[in-house]
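# Report on the structure
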Amino acid sequence: MAKTKELSKDTRNKIVDLHQVGKTESAIGKQLGLKKSTVGAIIRKWKTYKTTDNLPRSGAPRKISPRGVKMITRTVSKNPRTTRGDLVNDLQRAGTKVTKPTISNTLRRQGLKSCSARRVPLLKPVHVQARLKFAREHLDDPDEDWENVIWSDETKIELFGKNSTRRVWRTKNAELHPKNTIPTVKHGGGNIMLWGCFSAKGPGRLIRVKERMNGAMYREILSENLLPSVRALKMKRGWVFQHDNDPKHTARATKEWLRKKHFKVLEWPSQSPDLNPIENLWRELKVRVAQRQPQNITALEEICMEEWAKIPATVCENLQKTFDLCHCQQRVYNKVLR
């Protein structure tokens, strides 16, 4: 049946006016060319609500019953990697036919949204304790101390490849819960390997590592690039060098070389790249490089160097400010309590 055209406000008011002067519903209908039932409905609305305007409507009923909502919410809470297709099938078996957008809208009303699973280091209990110890030892350090740290790391930049992602259903601020993350371990490979450093004052040097890096090569990289970066960034006296616990970094020869150079090294917990703000700087670089769309390895290296040099000091300063050890400690406590 075709939907009837809604009466104008003037017509509805005229119906009420004619009713008030004593005319019957049939007479009003004939005069205005309307059905008696239509006239009666307008008059009843006016008598009940003292208005002929449209009243607020509740909308279409929910496709998923409250019981169904509880079922799918419980399902994604137990297994955040459940897909919308899985939930559609679950509800269909229960006698409710819905679409994937309906699943998304329903879960969103429950405070859940589909997000890419965060990649985090795979932590053993010894790693958790080391991170907790690090957070406790540095919890009260003033911001000025962290501004005098020069952060370093290596990363790989791919020419065309994309890292795979997986989406999970989670609530706000639950991105680091183990069920919502994808554990990763360090591994080699990639199209080009880079070493770089930065501080709150800006990016330091960035170089390409063309061969498989060993301890001797790493010490050579530090010898040729660390102090020049420190000078260029105008680091204060007593600056601190940070690197992770890669075997090349913790080799006896490397430790001895750093000691002889009188470099103060920040003791770093193992399996903690997520605590290092340079990881966010690498992401910044990779986004910038991807936008340039390099077509070969030579262009990839050139673009990396160009974009690294363009990164504003304010970006580095903001990354330094986000290095919040209180948050770091809370993350570790959460893991310990689980």
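Residues numbered from 1 in each chain as written. Predicted model: local features only at pLDDT ≥ 70, side-chain atom pairs only at ≥ 80, totals over all residues. Heavy atoms only, no water.

The chain is annotated in an unreviewed UniProt entry as Transposase Tc1-like domain-containing protein from Hucho hucho.

## A short note on the overall build of the chain
Looking only at helices and strands, the chain features 15 helices and nine strands. Across the 338 residues in the chain, those meeting the buried criterion constitute 37%. Within the chain, contacts between residues at least 6 apart in sequence are counted, and of these 73% link residues at least 24 apart. Split by element, the accessible area of the chain, about 21,200 Å² in all, is 50% carbon and sulfur. (Helix = DSSP H or I, 4+ residues; strand = E, 2+ residues; numbered from the N terminus. Buried < 20%, exposed > 50% of the residue type's maximum accessible area, 1.4 Å probe, protein only. Contact = heavy atoms within 4.5 Å. Areas by Shrake-Rupley, 256 points an atom, 1.4 Å probe, with all protein chains shown as cover.)

## A few points about the packing of helix α4 (residues 66-78) against helix α5 (residues 84-93)
One can describe the packing of α4 onto α5 by two numbers: an axis separation of 11 Å at closest approach and a directional angle of 140 degrees. Compared by their axis directions, α4 and α5 come out oblique. Crossing of α4 over α5 shows right-handed handedness. Between α4 and α5, the contacting residues are Gly68, Met71, Ile72, Thr75 and Val76 on the first element and Leu87, Asp90 and Leu91 on the second. In the contact of α4 with α5, the residues fall into five nonpolar, two polar and one charged. (Axes fitted to C-alpha atoms, helices over the stretch in contact; angles between N-to-C directions. Parallel < 35°, antiparallel > 145°, perpendicular 65-115°, else oblique. Left-handed = near helix turned anticlockwise from the far one by under 90°. Nonpolar A, V, L, I, M, F, W, Y, C, P; charged D, E, K, R; others polar.)

## Comments concerning the pattern of salt bridges
Pairing is possible between side chains that carry opposite charge, provided their charged atoms lie close to one another. Applying the stated criterion across every chain yields a total of 11 salt bridges. With a closest N to O distance of 2.9 Å, lysine 248 and aspartate 246 form a salt bridge. When sorted by exposure, lysine 248 lands in the same class as aspartate 246, which is buried. (Salt bridge = Lys/Arg side-chain N within 4 Å of Asp/Glu carboxyl O.)

## Some words on helix α1 (residues 9-20)
Here α1 contains 12 residues, and its C-alpha end-to-end distance of 17 Å stays within 8% of the 16 Å for a straight helix at 1.5 Å per residue. All buried positions along α1 are accounted for by Arg12, Ile15, Val16 and Leu18. One side of α1 holds all its buried residues, which, seen down the axis, span an arc of 165 degrees. Looking at the packing, one finds that the buried side of α1 touches α2 (25-32) and α3 (36-49). Two residues or fewer after α1 comes glycine 22, characterised by a positive phi angle close to 100 degrees. (Expected span 1.5 Å × (residues − 1). Arc of directions from axis to C-beta.)

## Digging into α3
For an α-helix, the turn length of 3.6 residues means that residues three or four places apart are oriented alike. Here α3 spans 20 Å end to end across 14 residues, near enough to the 20 Å set by a 1.5 Å rise per residue. Those residues of α3 that fall on the buried side of the exposure criterion are Val39, Gly40, Ile42 and Ile43. The buried side chains of α3 occupy one side of the element, clustering within an arc of 165 degrees when seen end-on. Opposite its buried face, α3 presents the exposed residues Ser37, Arg44 and Thr48, each directed more than 90 degrees away. Buried residues in α3 make contact with α1 and α2. Just downstream of α3 lies lysine 50, where phi reads positive at about 60 degrees.

## Some words on the sheet that holds strand β8 (residues 240-242)
Pairing in this open sheet of five strands is mixed, and the strands run β7-β6-β3-β8-β9 from one edge to the other. If you trace the sheet from one side to the other, it starts and ends with β7 (202-209) and β9 (264-265), each paired once. Where strand β3 (residues 149-157) lies against strand β6 (residues 192-199), seven bridges are found, and the strand directions are antiparallel. Each residue of the ladder has a partner; that of serine 152, found in β6, is cysteine 197. (Pairing = 2+ DSSP bridges.)

## Here we look at a negative patch on the surface
Where like charges cluster on the molecular surface, the negative patch consists of Asp143, Glu144, Asp145 and Glu147. A residue is classified by how much of its surface remains accessible, and aspartate 145, at 41% relative accessible area, is partly exposed. (Patch = residues over 30% accessible without salt bridge, like charges linked within 9 Å, V, L, I, M, F, W, Y side chains within 5 Å. Lys, Arg positive; Asp, Glu negative; His and termini not counted. Charge placed at Lys NZ, Arg CZ, Asp CG, Glu CD.)

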